[in-house]
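So the chains spell out like this:
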Amino acid sequence: MSKIIIVGAGFSGSIIARKIAEELDIKVTVIERRKHIGGNAYDEYDENGILIQKYGPHFLNTNKYFIIKFLMQYSELFQHNTKLLSFLDGQYIRLPFNFQSVQELLGAEKSEIVINKLRKNFPGRDRVPVLEMVDHTDTDISAFGTLLFEKAFKTYTSKMWGTDINKIDKYVLERVPFAMNYDERYLNKDFQYLPKNGFTKLFENMLDHPNITIALETDALKHIEFKDNNVLYDSEKVDLLVFSGPIDELFNYKYGSLPYRSLDIRYEYSEADSVLPAEIISFPQAEGKTRSTEYRKIMFDDSNCKGSVVATEYPLWYDKNAEIGNIPYYPVVTEESGKMYEKYLAEAKKYGNIFLCGRLAEFKYYNMDICIEHALEKFEEIKEKLK
Ligand SMILES: Cc1cc2nc3c(=O)[nH]c(=O)nc-3n(C[C@H](O)[C@H](O)[C@H](O)COP(=O)(O)OP(=O)(O)OC[C@H]3O[C@@H](n4cnc5c(N)ncnc54)[C@H](O)[C@@H]3O)c2cc1C
């Protein structure tokens, strides 16, 4: 009999639990600190029938159909191309910035020159990171890139990450590149979907297996011990520990606290059926807030909803003991934090039976598609280990 403990019922933990339970026919226990499964993708209906994603809006975007196919085993999905607007200088501009935004920001006459130069200088490119435009040798392209960078990217990103823009991982800055056409989809991924009945239902189905036991409202750290190079849970030796929580917590911060950004999400209910001009509005220039989401606009079926809810995000530093900001949402990957993470990773490797999986345990800015793919890969490693 193997004792397998999986910490966290988000995508990482739930996928591995299901695969071990089903494919290997082994019993697993999923330990979850929160009152619910689903991790940060958890959603719930409010009293007005609106499906709220409690930890911020989530959209599935991927170029890999096998990820969609995998999820379809647990929920019907519907196609949804996320549409965003950015509120800049008092007007709503399409996000991702695209040729339409050039016209909106520069006016028709000047935009003709810039658009033609963009076409000529980036042939065959669908999307181009704004920083690449900033660094371009053509002065019109570089001036327009700089305008976008200064007005939108710099302010939004510094607010979001609470740190000097130069210290931010380049990957983060390149997340929403400029569209070299009139494409209005936020991300240019081939498959953009949402679960018809919400993410929580999908997780319920994924975790519904006779070999899976779930313990909610249980902090695994109160039960885990490290003794003589063994991992113990409730004083019993564990054969496998899959951990998807924050890695610094697992080792009691022995190398220091890894930095995370958190969010203060404030909700406003309105009796109107529609409030915002798009499902998400980003506010690069506003004080404190980064974006607002109107959840009713992203539901598959909103016919039973009354009114609408707008959730506005105010980023702040994560502090485990604070009243607001006590959820580690975004790992802040810098050179310094990367080095600290490496020490934790080396610590985990000493045990041989700890598998780190997910955004917090691997301290990486994973989106759901990457998390899913990665959890499936980790399962293959685990399968080898349990043979
Ligand atoms: C605001 C926001 C918006 C996002 N939007 C998108 C999007 O649009 N598209 C996209 O692809 N991705 C998005 N993501 C990323 C997405 O949330 C993650 O990729 C995914 O949820 C990570 O899954 P996970 O299982 O690794 O971690 P999590 O979902 O964080 O799950 C980890 C779980 O472990 C539990 N846990 C931690 N420590 C313990 C402990 N000691 N004991 C017991 N349980 C513990 C936690 O309570 C949590 O439930 C977004 C993330 C955020 C924060």
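Residues numbered from 1 in each chain as written. Predicted model: local features only at pLDDT ≥ 70, side-chain atom pairs only at ≥ 80, totals over all residues.

Asks: I'd like to hear about the domain arrangement of the chain, residue by residue, with values.
Replies: Along its sequence, the chain is carved into domain 1 (4-57 + 197-255 + 332-386) and domain 2 (95-184). Measuring from the centre of the C-alpha atoms in domain 1 to the corresponding centre in domain 2 gives 37 Å. Taken together, the contact pairs four residues of domain 1 with six residues of domain 2. A per-class count over the side of domain 1 that touches domain 2 returns three nonpolar, one polar and no charged. (Domains from an automatic or database assignment. Contact = placed C-beta atoms within 7 Å. Nonpolar A, V, L, I, M, F, W, Y, C, P; charged D, E, K, R; others polar.)

Asks: Can you break down the sheet that holds strand β17 (residues 260-270) residue by residue, with the values?
Replies: Read across the sheet, seven strands follow the order β8-β7-β18-β19-β20-β17-β21 without closing on themselves; strand pairing throughout is mixed. A single partner strand is all that each edge strand has here, and the edge strands are β8 (91-95) and β21 (330-331). Across two bridges, β17 lies against β21 in antiparallel orientation. Note on β21: the bridge partner recorded for tyrosine 260 is proline 331. (Pairing = 2+ DSSP bridges. Helix = DSSP H or I, 4+ residues; strand = E, 2+ residues; numbered from the N terminus.)

Asks: Residue-level account of the packing of helix α1 (residues 11-23) against helix α11 (residues 368-386), with values.
Replies: In contact at an axis separation of 9 Å, α1 and α11 are set at 35° when each is read in the N-to-C sense. Taken as a pair, α1 and α11 cross one another with a handedness that is right-handed. Counting all contacts with α1, which are made through Phe11, Ser12, Ile15, Ile16, Lys19 and Ile20, the residues of α11 involved are Met368, Cys371, Ile372, Ala375, Leu376, Lys378, Phe379 and Ile382. (Axes fitted to C-alpha atoms, helices over the stretch in contact; angles between N-to-C directions. Left-handed = near helix turned anticlockwise from the far one by under 90°.)

Asks: Provide a residue-level description of the site of the ligand, including the pertinent values.
Replies: Residues in close proximity to the ligand total 33 residues, the closest being Gly10, Gly39, Gly56, Gly245 and Gly358. Counting residues per element, the ones that place at least two in the shell around the ligand are α1 and α11. Considering only residue class, the shell around the ligand consists of 15 nonpolar, 12 polar and six charged. (Near = placed C-beta within 6 Å.)

Asks: Let's hear about unusual backbone geometry: which residues, and what values?
Replies: The amide bond that connects leucine 95 to the next residue, proline 96, takes the cis arrangement and shows omega of 15°. Topologically, proline 96 is positioned in the loop between β8 and α3 (99-106). Within the chain, aspartate 25 stands out as a residue other than glycine whose phi angle is a positive 55°. Note on placement: aspartate 25 falls in the loop between α1 and β2 (28-31). Residue class for aspartate 25 comes out exposed when judged on the 9 C-beta atoms lying within 10 Å of it. (Buried ≥ 20, exposed ≤ 12 C-beta atoms within 10 Å, placed from the backbone.)

Asks: Could you give an account of the nonpolar core, with specific residues and numbers?
Replies: Ile6, Ile16, Ala17 and Val242 are the most contacted members of the largest nonpolar core, which has 58 residues in total. When residues no more than four places from it in sequence are discounted, the contact partners of isoleucine 6 are Gly13, Ile16, Ala17, Val28, Thr29, Val30, Ile31 and Val242. The next biggest cluster of nonpolar side chains, apart from the first, holds 26 residues, and it includes Leu84, Phe87, Phe97 and Leu105. (Core = buried A, V, L, I, M, F, W, Y, C linked by C-beta atoms within 7 Å.)

Asks: Go over the pairing of β17 with me, naming the residues and quoting the values.
Replies: Where a strand is regular, its side chains alternate between the two sheet faces. As paired strands, β17 and strand β20 (residues 308-317) are joined by 10 bridges and run antiparallel to one another. Looking at β20, one finds that aspartate 264 is bridged to tyrosine 314.

Asks: If you had to explain the sheet that holds strand β5 (residues 60-62) to someone new, which residues and values would you point to?
Replies: Across the sheet, three strands lie side by side as β5-β11-β6; this open sheet has antiparallel pairing. Only two strands of the sheet have a single partner each, and these edge strands are β5 and β6 (77-79). Within this sheet the neighbouring strands show an average axis-to-axis angle of 35°, counted without direction. Two strands pair when backbone bridges link them, and β5 and strand β11 (residues 191-195) are joined in this way by three bridges, in the antiparallel orientation. By the bridge assignment for β11, asparagine 61 is matched with glutamine 192.

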